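# Observations on the three-dimensional arrangement
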Amino acid sequence: MEKLKLHNMTERRCTDSSRALKSASSTEVEVHVGSLPFNLDKELLASKSAKVDALLKENSHEDLSYLFRDIPADAETFELVARFCHGCAVKMSTENIVPLICLSFYLGMDENHSNNNLLSKAVTFFEQRVLPSWNEIIKALRVSEKFLQQTMQLGLFDACLQAMIAKASDNPRHLGEPIIISTTYGGSEEGDESYRPNAKKRLFALDWQEDLTTLPLQLYEPIICTMNQHEIPPEYISASIYQYAKKWIFSCNIGGATKSIYKRKSQRNVIETLERLLPHGRELLPCKLLFEMLHCAIDLEASSACRNSFESRIGKQLDQAKVKDLLIPSQGYAKEVQYDIECIRRILKIFYGNYKSSNTSGFITVAELIEEFLAEIAGDIDLMIDTFISLAEMSMAAALGTQRNSDGIYRAIDRYLEKHAYLTEKEKEQVCRVLDFRKLSPEACEHASKNERLPVRVVVQVLFIAQLQLRETLTKEVWGYEDKLGKEEEEEDEVWMEVEKMSIKEKDCYLMKKEITSGCSRQQAKKGKVRMWTEMKRKFGCMSSIDDFHCPVKKKKVHWKLGI
């Protein structure tokens, strides 16, 4: 309670002194800051300000009003200085600290002139409360735009910049999440790609993150430039740059309202600056977003270097584009065609000149893309024949050496002839000359043979090609049937050979069996003789198990009972 009473008493004294300043006094001076008048005591002001003290020492009657005429502060900041000089408490915050430091430095309110002066207190607050926090730095820089020159001269911006670089190096997510491609985001019914920050990690970011893109371009440009030099991951920098363009350019163009010359010039400066800041590298931004920035650069009539750079970035990843990305409206009052065809041709040349992969899938993807683009723009009544043929030839050249058919080019030609029915027979033949009839599918050949929009000579060629395809199909079937018969004959020959081998083996087996049978008969005859001789020896009592061919006479046995 005592502290609260003391605070109220201090506030009351400050209010009373401020009111007392309005009364006439020899030591008072009236100054105007902005549109507000201030009555200040010269002695109190000189006790804290070295600049005011020096002027008054030279001439005590010096009018100080001119001193505050070009003061680098607004009325709110000057009121804080006046309160400090009158001994009142000064409430410092992130929003007022930068202009407070600038004004106290301008007035010389440092420690050399007076102890515990305002400048040292403000700098201490800036170092302890602002620099340690990313959010506080962004807030402080956001209000420093009015005092940008003083902020740069005093080194406040450099201190903020170094602190931001250190924080971004530790955690580049301060710049925002990299933009990823999602085919399911938002529940798109058509399955179109959606582009959004990576929300997976953002779910765990509990603290509010101040956005770097809220800063004015004069501050944003040196910050991003320095981050590029310190090798902050380029995907985070690219995402921040796109979000800056989205905030300061794309969102301002909604509604199609006519912009003032100043507004167009300001946005043109933004898009040219962002292009210079954008890191070079494939897939740092999706192709769709690069096309969006290119559309903006063309619409704002940005420099040719800016537009060419966007075209180069797009050309290196054109295989990621969609047909609607290529539909760049023509600019100017004398529009010969609905879409900027020359821009697409330049992008195509860049793609073909920079494609280094041995995989041809990229070429095929771009060829299909151009075919769809041709079918889309074929309805433009002002599309010249030479332009259409040039794009078709570039698409066909991309598909050379592949097994891809020409049905896409045929559809584009058919639509072009439908929308340009006034063409002569010779001009129609010139348009159809780009088509490779040999690569048409059987379905396309059948459609072309009945297409009344095609020249007669082209229809004849299609019929001839269809006949050749039919002949090739029949030939393949015949060859296949003959190959099948040949295989069957080979299999039959193999079977007969096996049969012959089996018959030979059977003969061999028969001979072996015969030999075995005859040998067994001889052995049986011999065994018969042996049995007869054995029987004779048995009868004569000459059996011996040692040698059947020796017959020693055995002693006659004497019966023990008869004694004989």
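In this report, we go over the structure that sits alongside the text.

It is worth spelling out the nonpolar core at this point. With 141 residues, the main nonpolar core has Leu212, Phe291 and Leu318 as its most contacted residues. The element contributing the most residues to this core is helix α14 (residues 287–299), with 9 residues. With near-sequence residues (within four places) excluded, Leu212 lies in contact with Trp134, Ile138, Met164, Leu175, Tyr220, Ile223, Ile224 and Ser240.

Another aspect to go through is empty space enclosed by the protein. Tallied over the full model, the rule gives 1 cavity of 30 Å³ or more. Estimated volume of the largest cavity: approximately 40 Å³. Surrounding the largest cavity, Leu40, Asp41, Leu45, Phe78, Val81, Ala82, Cys85 and His86 form its lining. Those elements that provide at least two residues to the lining of the largest cavity are β2 (36–41) and α4 (75–85). Broken down by element, the residue count for the lining of the largest cavity peaks at 4 residues, all from α4.

The terminal C-alpha atoms of helix α17 (residues 341–354), which comprises 14 residues, lie 20 Å apart, in line with the 20 Å expected from a rise of 1.5 Å per residue. Those residues of α17 lying buried are Ile341, Cys343, Ile344, Ile347, Leu348 and Phe351. Seen along its axis, α17 keeps its buried residues to an arc of 155°; they face one direction. Its side-chain oxygen at 3.2 Å from the backbone nitrogen of Cys343, Asp340 defines the N-terminal cap of α17.

Applying the stated criterion across every chain yields a total of 13 salt bridges. A salt bridge links Arg282 to Glu283, with the nearest nitrogen and oxygen atoms 3.5 Å apart. Given the relative accessible area of 41%, Arg282 is considered partly exposed. Note on Glu283: relative accessible area 48%, which makes it partly exposed. Here Arg282 ties to Asp319 by a salt bridge, and the two come within 3.2 Å at their closest N and O atoms. Linking Arg282 in the loop between α13 (261–277) and α14 with Asp319 in the loop between α15 (304–315) and α16 (323–326), this pair joins segments that are 37 residues apart in sequence.

Phi at Asn116 takes a positive value of approximately 50°, unusual for a residue other than glycine. For Asn116, the location among the structural elements is in the loop between α5 (97–106) and α6 (118–130). Even without being a glycine, Glu231 presents a positive backbone phi close to 60°. Relative to the helices and strands, Glu231 resides in the loop between α11 (217–229) and α12 (234–248).

Bringing the environment of Asp414 into the picture now. Position of Asp414 relative to the elements: it lies in helix α20 (residues 407–419). Looking at Asp414, the relative accessible area reads 11%, which means it is buried. Sequence separation between Asp414 and Cys432 is 18 residues; the distance between their C-alpha atoms is 9.2 Å. Those residues in contact with Asp414, other than ones at most four positions away along the chain, are His447, Asn451 and Arg453.

The rules behind these values
Residues numbered from 1 in each chain as written. Predicted model: local features only at pLDDT ≥ 70, side-chain atom pairs only at ≥ 80, totals over all residues. Heavy atoms only, no water. Core = buried A, V, L, I, M, F, W, Y, C linked by side-chain atoms within 4.5 Å. Buried < 20%, exposed > 50% of the residue type's maximum accessible area, 1.4 Å probe, protein only. Helix = DSSP H or I, 4+ residues; strand = E, 2+ residues; numbered from the N terminus. Contact = heavy atoms within 4.5 Å. 1 Å grid on protein atoms, 1.4 Å probe; cavity = no way out; pocket = protein on both sides within 12 Å on 5 of 7 lines; lining within 4 Å. Points joined across faces, edges and corners; volume = space filled by probe spheres on them. Expected span 1.5 Å × (residues − 1). Arc of directions from axis to C-beta. Polar contact = N/O pair within 3.5 Å; in protein donor to acceptor, adjacent residues only side chain to side chain. Salt bridge = Lys/Arg side-chain N within 4 Å of Asp/Glu carboxyl O.

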